[in-house]
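Observations on chain architecture
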2 protein chains.
Amino acid sequence: MSFARFFAPAAGVPGDRILLPVDEAEHLTRVLRLSSGDRVRVFNGRGAEFEAVVDAADREGVRLTIGAPCVPAPEPRVAITLAQSVLKGDKMDDVVRDAVMMGVAAIHPIVSARSEISVASLTRGRRRERWERIAVSSAKQCGRAVVPTIAEPRQFNAIGSSGEDFPPSVFILVEPNTSAGVSLANLEPTIPEHATLVVGPEGGWTAEELQIAASLGTLVTLGRRTLRADAMALVALSAMFARWGEF
Amino acid sequence: MSFARFFAPAAGVPGDRILLPVDEAEHLTRVLRLSSGDRVRVFNGRGAEFEAVVDAADREGVRLTIGAPCVPAPEPRVAITLAQSVLKGDKMDDVVRDAVMMGVAAIHPIVSARSEISVASLTRGRRRERWERIAVSSAKQCGRAVVPTIAEPRQFNAIGSSGEDFPPSVFILVEPNTSAGVSLANLEPTIPEHATLVVGPEGGWTAEELQIAASLGTLVTLGRRTLRADAMALVALSAMFARWGEF
């Protein structure tokens, strides 16, 4: 399977003739220099992957005919939602890339008390759109046929008070050396259907936020050393997958 | 404990008067603007940490008097040696930084069949010295009192034929979707005293290398998705710590 893979949300059933999104068309023609007649693979971001043939690649875009379905890379048995406090600079980009690679089902960017950015400025900066592009690019690289959804950024408090978007089992990672959290070994070994992983910003959580977290689920602490905020999600996802038999 | 921490390999016992290494002295004076009379902490890289007072900070360097010992951040119960195939560009820098943060005991840079760099060019480029500086900097950030040793880069084949530096339990991470490896759940749950984690380059291992690996220990595959080569060590270390009760 050395065919180039493209994200084609319109791909539905074999025989369909579809147009690639503009970014993907550029990748196909300008980067990979593919053209009419070339064979590729497409995934629709919702878990389906197909063989496909390029019918036309010109100024009007790239047209493909969808071929036989392929077996997509398997998704984790546990659907993990990552609720990540937006980090400084472009560190959130790396977190999104890594979380998609690891196999999360959805990403909720959150703004907590010690985040150094507001929901308004994230919206103005069109950061969600940027993270969506990164999610597509990471799904392409890691072979997933699922592109995790990126939710609208919102306040952590809003999660605490509503919580309707989140499955019942919520895990909050706290700073090392805190007495507030339990170790991973305390987690139920049974693989849950859903889990939400909530990761704090560089400055950590406030006492109030830890209280909200405790009311929503289990607080887990990861070892006794200080981890960089931008590595926390990857470390925690790896640990959870190890705990739940994905590795 | 909000005192700035410095790496002082000469720190031995309370009462000692020592000179900071040049890089650390620059950090103390130019970045943190500390001077005579200021209180700091120093760690010797071998697991000991002390309070200290700046006696003099001038052109001749920074002199400190070592004070009372402090309880250092605990080290993992399992001493992990990371043998990492040198990655492209400066990606190895990030792997060193992350591995030190996670708590490895030593790092062995290796050159395998598909590495895109030679041992000779690593030596010419003084890369080992660079990684040593990164290890110090990461130990400072993550609160460790241990600075892992960075071994001389060498060929993977040399490890296979000698193996004397490595403890008996060797784990090789193979690419996903290979039938060569077992899952993490197959590893002995008993925490070993030492473990060696061997991580391949971007292009993966050759069949010959996998054979050498199999003769040295257990081949482990991490899930069924494609992971970026520069994320493998962090993911694998997290998974091993989760397996062995460090989290």
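Residues numbered from 1 in each chain as written. Chains lettered and ligands numbered in written order. Predicted model: local features only at pLDDT ≥ 70, side-chain atom pairs only at ≥ 80, totals over all residues.

So, on to the overall build of chain A. Of regular secondary structure, chain A possesses seven helices and twelve strands. Relative to a compact globule of 247 residues, whose C-alpha radius of gyration would be 18 Å, chain A shows 20 Å and is just as compact. Across its three principal directions, the C-alpha atoms of chain A cover 60 × 40 × 30 Å. Looking at chain A as a whole, 45% of its 247 residues qualify as buried. (Helix = DSSP H or I, 4+ residues; strand = E, 2+ residues; numbered from the N terminus. Rg over C-alpha atoms; globule rule 2.2 N^0.38 Å. Buried ≥ 20, exposed ≤ 12 C-beta atoms within 10 Å, placed from the backbone.)

In any sheet, the strands associate via hydrogen bonds between backbone groups, in a parallel or an antiparallel arrangement. All names here are of chain B. Spatial strand order, 1-3-4-5-2: five strands in an open sheet with mixed pairing. Only two strands of the sheet have a single neighbouring strand rather than two, namely strand 1 (5–7) and strand 2 (17–19). Neighbour to neighbour, the strand axes of the sheet diverge by 45° on average, direction disregarded. Sheet analysis places strand 1 next to strand 3 (residues 39–43), joined by three bridges and oriented parallel. Each residue of the ladder has a partner; that of F6, found in strand 3, is V42. (Pairing = 2+ DSSP bridges. Axes fitted to C-alpha atoms, helices over the stretch in contact; angles between N-to-C directions.)

Turning our attention to the domain arrangement of chain A. All names here are of chain A. Partitioning chain A into domains gives domain 1 (5–70) and domain 2 (79–243). Computed over C-alpha atoms only, the centres of domain 1 and domain 2 are separated by 32 Å. Classifying every residue of the side of domain 1 that touches domain 2 gives three nonpolar, two polar and three charged. (Domains from an automatic or database assignment. Nonpolar A, V, L, I, M, F, W, Y, C, P; charged D, E, K, R; others polar.)

All names here are of chain A. Spatial ordering of the open sheet is given by 1-3-4-5-2, a layout of five strands whose pairing is mixed. Looking at the sheet topology across the chains shown, the edges are occupied by strand 1 (5–7) and strand 2 (17–19). Taken pair by pair, the neighbouring strands of this sheet meet at an average axis angle of 45°, ignoring direction.

On to the packing of helix 7 (residues 229–243) of chain A against helix 7 (residues 229–243) of chain B, then. Between helix 7 of chain A and helix 7 of chain B, the least distance of the axes is 8 Å, while the angle of their chain directions is 50°. Taken together, the axis directions place helix 7 of chain A and helix 7 of chain B in an arrangement best described as oblique. The two elements helix 7 of chain A and helix 7 of chain B meet at a crossing, and its hand is right-handed. Mapping the contact onto sequence places A:A231, A:L234, A:V235, A:S238, A:A239, A:F241, A:A242 and A:R243 in helix 7 of chain A and B:A231, B:L234, B:V235, B:S238, B:A239, B:F241, B:A242 and B:R243 in helix 7 of chain B. Looking at the contact of helix 7 of chain A with helix 7 of chain B residue by residue, the classes come out as twelve nonpolar, two polar and two charged. (Parallel < 35°, antiparallel > 145°, perpendicular 65-115°, else oblique. Left-handed = near helix turned anticlockwise from the far one by under 90°. Contact = placed C-beta atoms within 7 Å.)

Residue and element names in this part refer to chain A. Counted residue by residue, strand 6 (residues 79–85) has six buried out of seven residues, so it is predominantly covered. Here strand 6 pairs with strand 11 (residues 194–199) via six bridges, running parallel. Across the sheet, the residue bridging to A79 is H194, located in strand 11. Across five bridges, strand 6 lies against strand 7 (residues 106–111) in parallel orientation. Paired with T81 across the bridge in strand 7 is A106.

With glycine set apart, most residues show a phi of negative sign, and most peptide bonds adopt trans. Residue and element names in this part refer to chain A. For R126, which is not glycine, the phi dihedral falls at a positive 50°. Locating R126 in the fold gives a position in the loop between helix 3 (119–124) and helix 4 (127–142). We classify R126 as exposed; it has 10 C-beta atoms within 10 Å.

Before going further, it helps to spend a moment on the nonpolar core. For soluble globular proteins, the rule of thumb is that nonpolar side chains tend to be buried together. Judged by nonpolar contacts, the single largest core of 147 residues is most densely connected at A:L237, A:A239, B:L237 and B:A239. Beyond its immediate stretch of four places on either side in the chain, A:A239 contacts A:L184, A:L222, B:S238, B:A239, B:F241, B:A242 and B:F247. (Core = buried A, V, L, I, M, F, W, Y, C linked by C-beta atoms within 7 Å.)

For chain A, per-residue confidence averages 89 on the pLDDT scale, and residues scoring 70 or more make up 91% of the total. Among the prediction metrics, the complex's ipTM stands at 0.90, with pTM recorded as 0.91. (pLDDT = per-residue confidence, 0-100.)

The partner chain A presents 29 residues to the 29 residues of chain B that form the contact. Those elements that place two or more of their residues in the side of chain B that touches chain A are helix 2 (91–102) and helix 7 of chain B. Counting residues per element, the side of chain B that touches chain A draws most heavily on helix 7 of chain B, which supplies eight residues.

The next thing to look at is the relation of the copies chain B and chain A. With an RMSD of 0.0 Å, chain B superimposes on chain A once it is rotated by 180° and translated 0.0 Å along the axis. Here the transformation between the copies is reduced to the relation of a two-fold axis. No C-alpha of chain B lies nearer the rotation axis than that of B:A239, which sits 2.5 Å from it. Here 100% of the contact residues of chain B are again contact residues in chain A; the copies associate through an equivalent surface. (Least-squares fit on C-alpha atoms with pLDDT ≥ 70 in both.)

Residues and elements named next belong to chain B. Note that E75 resides in the loop between strand 5 (61–70) and strand 6 (79–85). Through-space distance from the C-alpha of E75 to that of K91 is 25 Å; in sequence the pair is 16 residues apart. Setting aside chain neighbours within four positions, we find E75 in contact with G47, G103 and V146.

Looking now at helix 7 of chain A. Because each turn of an α-helix spans 3.6 residues, side chains separated by three or four positions in sequence point in the same direction. All names here are of chain A. Between its first and last C-alpha, helix 7 extends 21 Å over 15 residues, near the 21 Å set by a 1.5 Å rise per residue. The buried fraction of helix 7 is high, at 15 of 15 residues. Of the residues trailing helix 7, G245 is marked for its positive phi of about 70°. (Expected span 1.5 Å × (residues − 1).)

Residues and elements named next belong to chain B. It is the contact of helix 2 with helix 7, at a shortest axis distance of 8 Å, that shows an interaxial angle of 10°. On the basis of the axis angle, helix 2 is roughly parallel to helix 7. Contacts from K91, D94, V95, D98, A99 and M102 of helix 2 reach helix 7 at D230, A233, L234 and L237. Residue composition of the contact of helix 2 with helix 7, grouped by class: six nonpolar, no polar and four charged.

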